[in-house]
Amino acid sequence: MKPELFRITVIGAGFGALSSVREIRQRDPNAEITLIAPRAELHYLPGIIWIPSGLRTREQLTVPLGNFFRRMKVRHVVAEVTGLRECGRVVDTTAGEVTNDALVIASGGRFIKKLPGIEHAITPCEGIAAAERIRDRLREMQGGTIAIGFGGNPNEPSAVRGGPMFEFLFGIDEQLKREGRRDKFDLVFFNPSKEPGARLGPKAVKHLLAEMVKRGIRTHLGHKMKRFDADRVVTEGGEFPADLILFMPGMTGNAWFDQTELARSPGGLLQADALCRVVGSEHVYVVGDSGSFPGPAWMPKQAHMADLQAAAAAENVLAGLRGETPQATFKVELICIIDAIDHGTLVFRNEQRQIVLPSTRLFHWAKRYFEGVYLKKYR
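If you're wondering where the values come from, they're calculated on a predicted model, not measured in any experiment.

A. View of the overall build of the chain. Tallying secondary structure elements over the chain gives 8 helices and 24 strands in all. Taking 379 residues into account, the globule formula puts the C-alpha radius of gyration at 21 Å, and the chain, at 21 Å, falls close to it. Dimensions of the chain along its principal axes, counting C-alpha atoms only, are 75 × 45 × 40 Å. Considering the chain as a whole, with its 379 residues, one finds that 58% of them fall into the buried category. Taking all contacts inside the chain whose residues are at least 6 apart in sequence as the whole, residues at least 24 apart take part in 66%.

B. Representation of helix α1 (residues 15–27) within the structure. Here α1 is 13 residues long and its end C-alpha atoms lie 18 Å apart, about the 18 Å a rise of 1.5 Å per residue gives. By the criterion of burial, α1 is predominantly enclosed, with 11 of the 13 residues buried.

C. Structural context of the pairing of strand β9 (residues 102–105). Here β9 shows a buried face lined by Ala102 and Val104 and a second buried face lined by Leu103 and Ile105. Examined bridge by bridge, strand β1 (residues 7–11) and β9 share 4 bridges and lie parallel to one another. Bridge pairing links Ile11 to Ile105 in β9. Two strands pair when backbone bridges link them, and β9 and strand β20 (residues 284–286) are joined in this way by 3 bridges, in the parallel orientation. Across the sheet, the residue bridging to Val104 is Tyr285, located in β20.

D. Seen up close, the side chain of Ser265. Examined against the element boundaries, Ser265 turns out to sit in the loop between β18 (251–252) and β19 (270–271). Looking at Ser265, the relative accessible area reads 5%, which means it is buried. A distance of 2.5 Å separates the side chain of Ser265 from the side chain of Glu156, its partner in a polar contact.

E. Just the sheet that holds strand β6 (residues 81–85), in detail. Taking strand neighbours across the sheet as the criterion, the 3 strands line up as β6-β7-β8 in an open arrangement whose pairing is antiparallel. Every interior strand has two partners, whereas the edge strands, β6 and β8 (96–99), have only one. Between one strand and the next, the sheet's axes are offset by a mean angle of 25 degrees, whatever the strand orientation. As paired elements, strand β7 (residues 90–93) and β8 share 4 bridges and run antiparallel to each other. Note on β8: the bridge partner recorded for Asp92 is Glu97.

F. Structural view of the domain arrangement of the chain. If you check the domain split of the chain, you get domain 1 (7–109 + 253–322) and domain 2 (113–250). Relative to domain 2, the C-alpha centre of domain 1 lies at a distance of 29 Å. Every contact between the two is made by 22 residues of domain 1 and, on the other side, 22 residues of domain 2. Joining domain 1 to domain 2, the criterion identifies 2 salt bridges. Among the ionic pairs, Arg161 bridges to Asp289, the shortest N-O distance being 2.4 Å. At the surface where domain 1 touches domain 2, the tally comes to 13 residue pairs in polar contact (both at pLDDT 80 or more). Looking at side-chain class alone, the side of domain 1 that touches domain 2 contains 12 nonpolar, 7 polar and 3 charged residues.

G. Inspection of the nonpolar core at higher detail. Counting 109 residues, the largest nonpolar core has Ile105 and Ile146 as its most contacted members. Considering every element that reaches this core, the biggest residue donor is helix α7 (residues 303–321), with 10 residues. With 13 residues, the next largest nonpolar core counts Leu115, Ile118, Met225 and Ile245 among its residues.

H. Representation of the pattern of salt bridges. This structure, assessed with the given rule, holds 27 salt bridges. The shortest N-O distance in the salt bridge between Asp173 and Arg215 comes to 2.5 Å. With a gap of 42 residues between them, Asp173 in helix α5 (residues 163–178) and Arg215 in helix α6 (residues 202–215) connect regions that are remote in the sequence. Arg215 gets classed as buried once you look at its relative accessible area, which sits at 9%. Each of Asp173, Glu174, Lys177, Arg182, Glu211 and Arg215 takes part in one network of salt bridges that share partners.

I. Here's a closer look at the state of the cysteines. Applying the stated criterion across every chain yields a total of 0 disulfides. Sulfur of Cys125: no disulfide; nearest cysteine sulfur belongs to Cys336 and is 13 Å away.

Calculation criteria
Residues numbered from 1 in each chain as written. Predicted model: local features only at pLDDT ≥ 70, side-chain atom pairs only at ≥ 80, totals over all residues. Heavy atoms only, no water. Helix = DSSP H or I, 4+ residues; strand = E, 2+ residues; numbered from the N terminus. Rg over C-alpha atoms; globule rule 2.2 N^0.38 Å. Buried < 20%, exposed > 50% of the residue type's maximum accessible area, 1.4 Å probe, protein only. Contact = heavy atoms within 4.5 Å. Expected span 1.5 Å × (residues − 1). Pairing = 2+ DSSP bridges. Polar contact = N/O pair within 3.5 Å; in protein donor to acceptor, adjacent residues only side chain to side chain. Axes fitted to C-alpha atoms, helices over the stretch in contact; angles between N-to-C directions. Domains from an automatic or database assignment. Salt bridge = Lys/Arg side-chain N within 4 Å of Asp/Glu carboxyl O. Nonpolar A, V, L, I, M, F, W, Y, C, P; charged D, E, K, R; others polar. Core = buried A, V, L, I, M, F, W, Y, C linked by side-chain atoms within 4.5 Å. Disulfide = S-S within 2.5 Å.

What follows is the structure in structure tokens.
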């Protein structure tokens, strides 16, 4: 008797999507997997922190996925998703419709660009091109004030990505010192919270603020942002000049979510249950930045969390298609190395404990080693 062939569609080509492909294929060698994404490339965004200093280039952080798709027996549809129909069984795309028996949505999030004057700021995690703009601006500047900060989604506490901004902050400080011109620049870190990075835990916040003092980085904390001008940051607590502004807004859901009937969270993400299912939907799952998941308020938006969710989603997708009761959940943990070009600080957090290990070269090299091991799966 031939095994039943399940048609599973994955939307996206980032960490959550590719981990979902690997996890599904590991559990079912026969499933027909279709992946929808505009290009067959993985952009390794954790590495963009090293672009301004020249430690990484676009080519080093761009991984063609053709070989991976062939190994995983994945059909790649080169397209943008525009909506869903028939309870998720039909995906509308710019290349036509794609039908499925089950769907995994891992198309990432979208930055909220509503702050007046945000066009004057560079949003680093928009991709490699943004990091290259930072690199080029730093080369052009002879001195001045560099303002670095991040915001959130007031309706979605988890939809924030502050970690990379600390890395850009400390990395630029270190880079300017190496170049012998740190004394020509004023670095200012700004955030609407008095405890920036609180999701990392109180120990981490204390460490990060102490590091800023140690490095001579000024702070402007606890004031809601009003706008950016071409040459300044304006908040409810005052304003300060800025010749270069790096700002990470909070995140919300993809625009195409509006063309679906899927359950949404107050912040615009897809509302998931503990099994990664989209609430109220059958055989529709969400992984990574696209979803709002039950759990502690500090649950991170990072690749590691997306990988954990992908494993649970894959298990549950296949169980549901086989007529079994899905029951796989995912653990919640935060692990990151806040890097500063040649050394880094390890931060770990789960439900039981928080750990902050002071900055060493070992953690920098561990971050680089992890990059190599992670990308080897897809080369």
